[in-house]
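So the chains spell out like this:
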Amino acid sequence: MNIKKILIIILTLCLSPLWASFTFNLAPIDPLFREFMADPYSNSTSFRSFTIQNESGVPRGILAVDGYNEYVEIPFENESFEGHNAFYQLKSAANIGLVRFGLGFFQLEGFLNGGINTVFQNYGGTDTLGFDGFYGAGATIRLFNKVAIQGGFHHFSGHWGDETIDSMVSLSEKSLSDLHLVEYTRGNSWIGSLSIEPNENIRFYASAELPQSSAWIRPGAHVPFHTTKPGDSNQNQHENITGQEGVTTSITYPSSYKAWRIQAGSELRIPILSLGSLFLATDVQFHQDGQTMHQIDGYNEQNPWEVAFSVGGGVELNTGLLNRKFRLEIYYHDGRFPLLNYFYTRSQYIVFGLAISG
């Protein structure tokens, strides 16, 4: 027997146990990379009631360009703070594994996630302030069932509510034809995430999102100067979007400004007999677009990134139908109002809610 055959035999003997552990799953119900519990935009279905604590954190207008080289807030209501600071948030979202391969300690899964988010006033006519769409896709690698690495793309887009627009027109007597409404969009950014779980009850995670060099980004003040218009690499996207808004930027952003969004958090579960678990969760996000002060010519490299955080906990019941988990939750949030188009509104509020996720 020659050396080549001996090596083949040895390699076969070594790999046989590994190949015996090979698994394949189509559309697994429990994704390898779970949602972030405390993230207001997690890919889970939830109903939340929240009350804003700071008067400046209550949305009262729509951001627009009204004939001048600046963003201004056109009011849609002039109610007092007391009794008009409570809201409902409804979010329908899913995090789905498409196909999964496993080989020993190594697992690979394609994923698809996304949903719709909206907020209603919890007073008066219960008008909707707007709605958001978000989705993502990519792949997840999980190692030793303790470390998960995910990469792909992610989309955010905000939309003003029709009732809110009607109220603005009625109250301010502004014609929509004279206004350029300002919206928040991050079209198909690259995103990479890391989740570390030393055991089934402890988790730490981090995520980084970067707009592609050719992408739809709004508002114009947030658009990095190196970005080009999708489908036309000769068209500068900063100039394109600000032109659509009817404004002009007189300063140039350095190459270090890329509109990053950085996120990190932790989760702790404390088992309660056969009922489920108590849980504690934190989430913190850093928005580089805060350096623009959300205004034309507001950018300064010395301006701080905008920081938002959520902290809270609740009760998570044991796995139910289709391996879903049901949570009763309470959080304190200090950061952006939970609708994308109100990115310029910094709200402090307490959330009570119900959530269903994997």
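The present account deals with the structure reproduced in this document. Note that the coordinates shown come from a computational prediction; the quantities given were computed from them, not determined experimentally. (Residues numbered from 1 in each chain as written. Predicted model: local features only at pLDDT ≥ 70, side-chain atom pairs only at ≥ 80, totals over all residues. Heavy atoms only, no water.)

Description of the sheet that holds strand β3 (residues 61-65)
Phase 1: If you trace the 3 strands from one edge of the open sheet to the other, you get β4-β3-β9, paired in antiparallel fashion. Each of the sheet's edge strands pairs with one partner strand only, and the pair in question is β4 (72-75) and β9 (180-181).
Phase 2: Both β3 and β4 contribute to a ladder of 4 bridges, which runs antiparallel. Looking at the pairing, Ala-64 lines up with Val-72 of β4.
Phase 3: Here helix α2 (residues 162-172) sits on the sheet in contact with β3, β4 and β9, set at roughly 85° to β4. (Pairing = 2+ DSSP bridges. Helix = DSSP H or I, 4+ residues; strand = E, 2+ residues; numbered from the N terminus. Contact = heavy atoms within 4.5 Å. Axes fitted to C-alpha atoms, helices over the stretch in contact; angles between N-to-C directions.)

Things to note about α2
Phase 1: Where α2 is concerned, the buried positions are Thr-164, Ile-165 and Met-168. One side of α2 holds all its buried residues, which, seen down the axis, span an arc of 100°. The exposed set on the far side of α2, more than 90 degrees from its buried face, consists of Asp-162, Asp-166 and Ser-170.
Phase 2: Residues of α2 that are buried sit in contact with β3, β4, β7 (128-143), β8 (147-160) and β9. (Buried < 20%, exposed > 50% of the residue type's maximum accessible area, 1.4 Å probe, protein only. Arc of directions from axis to C-beta.)

Quick word on the nonpolar core
Phase 1: In this structure, Phe-50, Phe-87, Leu-129, Phe-337 and Tyr-342 are the most contacted members of the largest nonpolar core, which totals 45 residues.
Phase 2: Looking at this core, the elements with two or more residues in it are β2 (45-52), β3, β5 (86-103), β7, β8, α2, β16 (276-287) and β19 (346-357).
Phase 3: Counting residues per element, this core draws most heavily on β3, at 4 residues. (Core = buried A, V, L, I, M, F, W, Y, C linked by side-chain atoms within 4.5 Å.)

A short note on helix α3 (residues 237-245)
Phase 1: Of all the positions in α3, only Gln-237, His-238, Asn-240, Ile-241, Thr-242 and Glu-245 are classed as buried.
Phase 2: Contacts from the buried residues of α3 go to β3, β9, β12 (217-218), β13 (228-229) and β14 (232-236).

Digging into the side chain of Ser-193
Phase 1: Assignment of secondary structure puts Ser-193 in strand β10 (residues 185-199).
Phase 2: Beyond its immediate chain neighbours, meaning those up to four positions away, Ser-193 contacts Phe-33, Ala-148, Ile-149, Gln-150, Ala-206 and Ser-207.

Functional significance is not addressed by these values, which are geometric in nature.
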